Amino acid sequence: MTRYALRIGSLAAALAAWQLLTSRNVDLWLRFSQFPTVADVARAFADRLGGDDYWTDLTDSLTRILAGFLLAAVLGVATGVLVARSRLAEDLLGPLLEVLRPIPAIALVPVAILLFPSNEQGIVFITCTAAYFPVLVSTRHAVRALTPVWEEAVRTMGGGRWRVLGSVVLPGALPGIFGGLSVGIGVSWICVISAEMISGQYGVGYRTWQDYTVVDYPGVFVGMVTIGVLGWATSTAVEVAGRRLTRWLPRTSYVPGARVRATAPPVAPAVTAGPKTEEEVPRDQLVR
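A. Inspection of the nonpolar core at higher detail. In terms of nonpolar packing, the biggest core is built from 47 residues, with I126, L181 and W189 touching the most fellow members. Mapped onto this core, the elements with two or more residues apiece are helix 2 (38-49), helix 3 (52-85), helix 5 (109-115), helix 6 (119-144), helix 8 (161-199) and helix 10 (217-245). A per-element tally of this core places helix 8 first, with 14 residues. Those residues within four positions of W189 in sequence are excluded, and the remaining contacts are S61, L62, I65, L230, G231 and T234.

See below:
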């Protein structure tokens, strides 16, 4: 309860500071006088919730992010396992993937416009590309980090290639895979919002940019808050799924406020100088 109270308190303190700086029109170096207050954003948020456009934008953005992310998860895991397990696949696909990986997904907007017949398919493509490479790289490293003893044990008991894949490779690489998925879902939100601003029709990013063009700054902050909440919800869902699927992993117990006390090493008994007489030596040592 103390941790939850601290989290709520930190959020409330940030909102109070925002309200204070904007309502007093504080202009030191940052121009808070240009910002809407928390009350203005709350009123705009309440108005948006009562309209149909907000929920249409929300549904469109979620549909795009889920379609692109799920496609990237399947393709990224499959390609990562293939490249990590096959030298032929690494030689054929590795150079191409390494050349494409540094290109930002948002830079592919012109390519998507030229390649796909509709903007909707292009936005899904950009979202998929954004999440694909984090998942691919994390899966590849996780598979290569597996100890070969597990695979040898399965093969010793008569298991084939698919048995090794299902019993060793995929379960052992799950922590790394979900690490890549957590990164990929965040990058996907960045790119899908940017793509909606550039070439989208409807969506949270599209509506946020439209509000900016008509100088509706409370509406801009409504879009920013919506994006933050959606990103937090989807990232939490990925992390919860990862914890459920990796229950077999050892967990470190965390006790808030507890301090680990270092135990002193055992002290060896002091040895007195000088030879001991026969009466001072124990009988078992005399026998030795």
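B. Seen up close, the confidence of the model for the chain. Residues of the chain with pLDDT of at least 70 account for 86%, and the chain-wide mean is 84. Predicted confidence for residues 260-264 stays below pLDDT 50, and this span has zero contacts to residues more than four positions away or in other chains.

C. Spotlight on the packing of helix 3 against helix 6. Viewed as axis vectors pointing N to C, helix 3 and helix 6 meet at an angle of 35°, and their least axial separation amounts to 6 Å. Read as a crossing pair, helix 3 and helix 6 show a hand that is right-handed. Among the residues forming the contact of helix 3 with helix 6, the class breakdown is 19 nonpolar, six polar and five charged.

D. How the structure looks around unusual backbone geometry. Unlike most non-glycine residues, N25 shows phi in positive territory, near 55°. One non-glycine residue, V215, lies in positive phi territory at about 60°. Residue V215 is classed as exposed on the basis of its relative accessible area, which comes to 53%.

E. Structural context of the packing of aromatic side chains. What the rule picks out here adds up to nine aromatic pairs. Both rings, one in W18 and one in F221, keep their centres 5.4 Å apart while their planes meet at 40°; by these two values the pair is tilted. Of the two residues, W18 is situated in helix 1 (residues 2-23) and F221 in helix 10; the sequence distance between them amounts to 203 residues. Taking relative accessible area as the criterion, F221 reaches 13% and is therefore assigned buried. Note on Y202 and Y206: the rings are 6.5 Å apart at their centroids and 50° apart in plane angle, and the pair reads as tilted. On the basis of relative accessible area, Y202 is assigned to the partly exposed category, the value being 41%. Within the aromatic cluster, the residues linked to one another by ring pairs are W18, F32, F35 and F221.

Reading guide: rules and limits
Residues numbered from 1 in each chain as written. Predicted model: local features only at pLDDT ≥ 70, side-chain atom pairs only at ≥ 80, totals over all residues. Heavy atoms only, no water. Core = buried A, V, L, I, M, F, W, Y, C linked by side-chain atoms within 4.5 Å. Buried < 20%, exposed > 50% of the residue type's maximum accessible area, 1.4 Å probe, protein only. Helix = DSSP H or I, 4+ residues; strand = E, 2+ residues; numbered from the N terminus. Contact = heavy atoms within 4.5 Å. pLDDT = per-residue confidence, 0-100. Axes fitted to C-alpha atoms, helices over the stretch in contact; angles between N-to-C directions. Left-handed = near helix turned anticlockwise from the far one by under 90°. Nonpolar A, V, L, I, M, F, W, Y, C, P; charged D, E, K, R; others polar. Phe/Tyr/Trp six-rings, centres within 6.5 Å; stacked < 30°, edge-to-face > 60°.

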